[in-house]
Amino acid sequence: MSSPCEDLERFSDGEMPEAEAASFQVHLASCARCQARMLELMHLDVLGQEVAARGKSRRWVPLALAASLLAAVLGAAVASRMGSPPSPAPLTVALHRPIEARLTHPGAREHRRYGVERAGEGASGEAVPEDVLARLIHDKDFHGVATVYLLMGAPKLAADALAKAPPSPDVDCDRAVVALLQGAPSEALRLLEGVLSAQPQHAQALWNRALVLRELQLPRAAAEAFSRVATLTEPGWAAEAGERARELRREADGLRQAWRELDVRSLEMVKGGPALLEENARRNPGFSRLRLYDAARAAVSADEARRLLPLARSLDREYRTSVLERYVQQLSQADFRRRAPAARDYRELISGNAGADIEGLLTRLRASGQEDIELGAMLLTGSTSRHLERYRTLVARAAEPWFDILALHEQAKQMLQRDEYPEAESVLLSALSRCEQERLDYRCARLELELAGLYNTVHRIEEALLHARRGRERVRRVHEWELEQIFLQRLAQIARFQEDFPLARAYLEEVLLEGEGGKDACTIANYVHETLANMALIRVDRETGLRELKQAPTCGAPPTLFRAAILADLVRLGSREVEPEFWSALSTLRAERDTSEGTRSFLDYLEGRVVIERDAARGRQLLQEAIARAERLPEGHIQARKTRVSSLAVLALDALRRQEPVGALEAISRVMEVPTPERCALGFVMDDERLVVVARDAQGRSMGHLQERVPSGPLDTGKLVPETLKAHLSACPRVEVLAPAPIQGQPALLPPETAWSYRLKSGQAPKAAGLPERRLVVHDVQAPSSLNLPLLGRWTPGSRTSGLVELQGSEATPSRVLDAMEDATVIELHVHGLVDWAEASALVLSPDREGRFSLKAREVRQRPLKGAPLVILGACDAARTLPWKHQAWSLPAAFLEAGAHAVLASTSRVQDADANAFFEAVRTRIQEGAAPAAALRDARLEWLSREPRSWVRDVMLFE
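Residues numbered from 1 in each chain as written. Predicted model: local features only at pLDDT ≥ 70, side-chain atom pairs only at ≥ 80, totals over all residues. Heavy atoms only, no water.

**Considerations on the packing of aromatic side chains**
Tallied over the full model, the rule gives 15 aromatic pairs. Both rings, one in Trp402 and one in Tyr442, keep their centres 6.0 Å apart while their planes meet at 5°; by these two values the pair is stacked. Of this pair, Trp402 sits in helix α23 (residues 401–417) while Tyr442 sits in helix α25 (residues 441–457), and the two are 40 residues apart along the sequence. Residue Trp402 shares its accessibility class with Tyr442, and that shared class is buried. Ring-pair connections join several aromatic residues into one group, and the members of that group are Tyr293, Tyr327, Trp402, Phe403 and Tyr442. It is Arg102 that lies over the ring of Trp237; its NZ or CZ is 4.1 Å from the centre. The ring of Tyr319 carries Arg289 above its face, with NZ or CZ at 4.6 Å from the centroid. (Phe/Tyr/Trp six-rings, centres within 6.5 Å; stacked < 30°, edge-to-face > 60°. Helix = DSSP H or I, 4+ residues; strand = E, 2+ residues; numbered from the N terminus. Buried < 20%, exposed > 50% of the residue type's maximum accessible area, 1.4 Å probe, protein only. Lys NZ or Arg CZ within 6 Å of the ring centre and 35° of its normal.)

**Thoughts on the side chain of Thr754**
Structurally, Thr754 is set in the loop between β4 (735–738) and β5 (756–758). Take Thr754: its relative accessible area is 18%, and that puts it in the buried class. Residues in contact with Thr754, not counting those within four places in the same chain, are Val735 and Arg937. (Contact = heavy atoms within 4.5 Å.)

**Considerations on the environment of Val148**
Among the secondary structure elements, Val148 is positioned in helix α7 (residues 142–152). Note on Val148: relative accessible area 0%, which makes it buried. Apart from the residues lying within four places of it in its own chain, the contact partners of Val148 are Leu91, Val128, Leu133 and Leu136.

**Comments concerning unusual backbone geometry**
Residue Ala741 is joined to Pro742 through a cis peptide bond whose omega torsion reads 0°. As for its placement among the helices and strands, Pro742 is situated in the loop between β4 and β5. Non-glycine residue Gln659 carries a positive phi angle of around 60°. One can find Gln659 in the loop between α35 (638–657) and α36 (661–672). Under the relative-accessibility criterion, Gln659 is labelled exposed at 67%. With a phi close to 40°, Ala868 is a non-glycine residue in the positive phi region. Note that Ala868 resides in the loop between α39 (857–861) and β12 (870–873). Judged by relative accessible area, which is 10%, Ala868 ranks as buried.

**Remarks on the nonpolar core**
Leu213, Leu218, Phe226, Leu454 and Tyr507 are the most contacted members of the largest nonpolar core, which totals 148 residues. Among the elements that line this core, the one with the most residues is α25, at 9 residues. If near-sequence neighbours (up to four positions away) are discounted, Leu218 is found in contact with Leu213, Arg472, Leu488, Ala506, Tyr507 and Glu510. Formed by 59 residues, the second largest nonpolar core is a distinct cluster that contains Ile743, Leu750, Trp889 and Ala893. (Core = buried A, V, L, I, M, F, W, Y, C linked by side-chain atoms within 4.5 Å.)

So this is what it looks like as structure tokens:
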């Protein structure tokens, strides 16, 4: 006979019929065991962790609060049993609101001033009456429950409650509050943008977006959002929003004005005016040093040089050196009869009046013998690459760390122009290391800006973000306002690259607002609006793309490759009005003397994808030329790889339009860099909004499907393959799926009865001769406590343990695991997975001495796997794939490139209780001789026969 306690979870989930629930409430009121379990289900331990994470005392949580909440629940149960439901009560009772954010539940919408206690102990949230929470839980008002948890300071509990609430803009707005409180501003922006696209005047969403922007240190954008709230004239809220907007603008205006005044005063100094003050040296040491060098070079008399001595001494104190005072002292003793003409030339150069004869100017400066002026002029005119040996000689003679580091930076720039990315990275990292030793924050920030751009270009997003964020913090510390604006542009580029458009828009909005009225306002407006146009066209929003491009001034500059690409998209999508500008831009770019082969390849692609819609033969010719140029460039040339993949996608589309599915499949195979399958294959490729699907059956007959407009948003994988193509493949014993981004890694493309796997490019070599069977299992790792990850169930070996090697506990560090994988023939990782949008996904291992605990795709890819292993990634989201256009980046792809022959991984959550048994069943079948795809299919079908909605549906095979 079963115990009533077994029904507790059904009761708490609301799955009981009303009469049965009423009976269970009576049981709950008298059962200590169920009361204790009810506390667990309410996640009070999570609330305790949240309070502890903010440095508060948590002694009261498991006792007083747990008791009061359970008493409230029981009170509601008894009241319901007595037939007298509790009377409604407001959700808020305190005079001040405990959080800055605005909540959308009707019981918490009224304005209250924001205010928290200054005490360091106890709860920081609001003490909501017990009967209020009881009523909400009883009524299953999950939105209300979440609101109470937010007021109490428990965002994790609020997230759980909101997950059960019916979806609505209000619920998404509160989910954004949770994301903000949990340190995920990008997710908060995404949610709020969805709310505001549906309801542009949603007051709470506008307010909360302002808070997110302020958290991102974007004060002007935040002020604009608060100002929009103020225009809604809500009692209390409008006044507070207006005051917040004014305060943010005062702060931003002060920083910008201080910078612009410094810029003006420093230019006056360069022209012979008063030197900057000691406070400038303290507040802006990098920029002040930069302008000190300019002023010293432009000084036309000993008096002008001596006037710079106090500033030089102040800067030396900041940098703990004496080089600047020594340099200025030497200048003050120079023969200005010889030096003054060169100094005047330099002053004219700084003022923009040097004329067009740069080579003549450099020749005169070299003849003058004033090497410091010659060095400065080479930097100002961008002439270092044309006079590299002379430049290096001048830097060596200067014997100054500032210029040594600058020389390394210039060397790296030239390498980047030649697409020598690894070499440039090495030089930049070396320069950054020395720069940090010398405490030259300004130069270090410039290096980090370059590194962030390099890593973004080569799709190493984690490192790009690291240097962009760290560099921004550097310049904020030393008040380099202008340089911070450049970092914001870099951060916007990185966000755009990852298609995090709400975050990119936030950075761009700040850049545009900060640039108003400045000397570079036109250039900034061009950059911002062209980027917004590009983002709109990625979503195939032609109207917005055209509107943004029209707002992007050209500022009299020649067309860029970026603008040409935007124009090509608009022309392809039917915007005839910009077609003349497109052809003009294409002609101008082709005519440039220093156009690289990679750029020429991209121009062929742009022209080809436009022309193929009108003159198919000419379009195909251009695209084939683009591919040929791209394939002649090194494999690491990212632009070339993108051009090649994009050109092949258009050719696949064209082939299918011509009713040539075989040609389409051949193009897809070239994209994937694998041989074209003779039979039993399914190929995909996307060209922006257009999807090509080709199937080849067991007899080698091909059939295709073209979808001209795939809806934006997450792909509906169950509908990507038409039923006719599924039927075409039904006789296949196994189907190879060839799918670049964004299809690769998607689950459920084919029915569970079909054996199928993703076919990827492999770095597999034959298994090393004489290598014994060796099964490596990583389990029971000691994840960092800061991650708050639950313990996984104990892994136990099956019946066959020969060749078994286990790494567990503190030994399972990333370096130990990488070393142990090298000779393994089977690799199993039964660990937690983390979603990291910069690196697809990562596996959580035990931390090493330096605190490193994650295993990522990049590290795996660099370690050859001699045992050609079967790899089982028993972690959540381990098959997550980043949709890069030139390649799909994921852990399975990395293992295959390292030499694995097959990888099993899930695209979603893995249930710990079942994981070992399921993966063991698949592994056993494979080791008994079954093909991996068949082994996965059979084990999955067996599992689904017992649990039709099981997580095993999302386990994918990559071969």
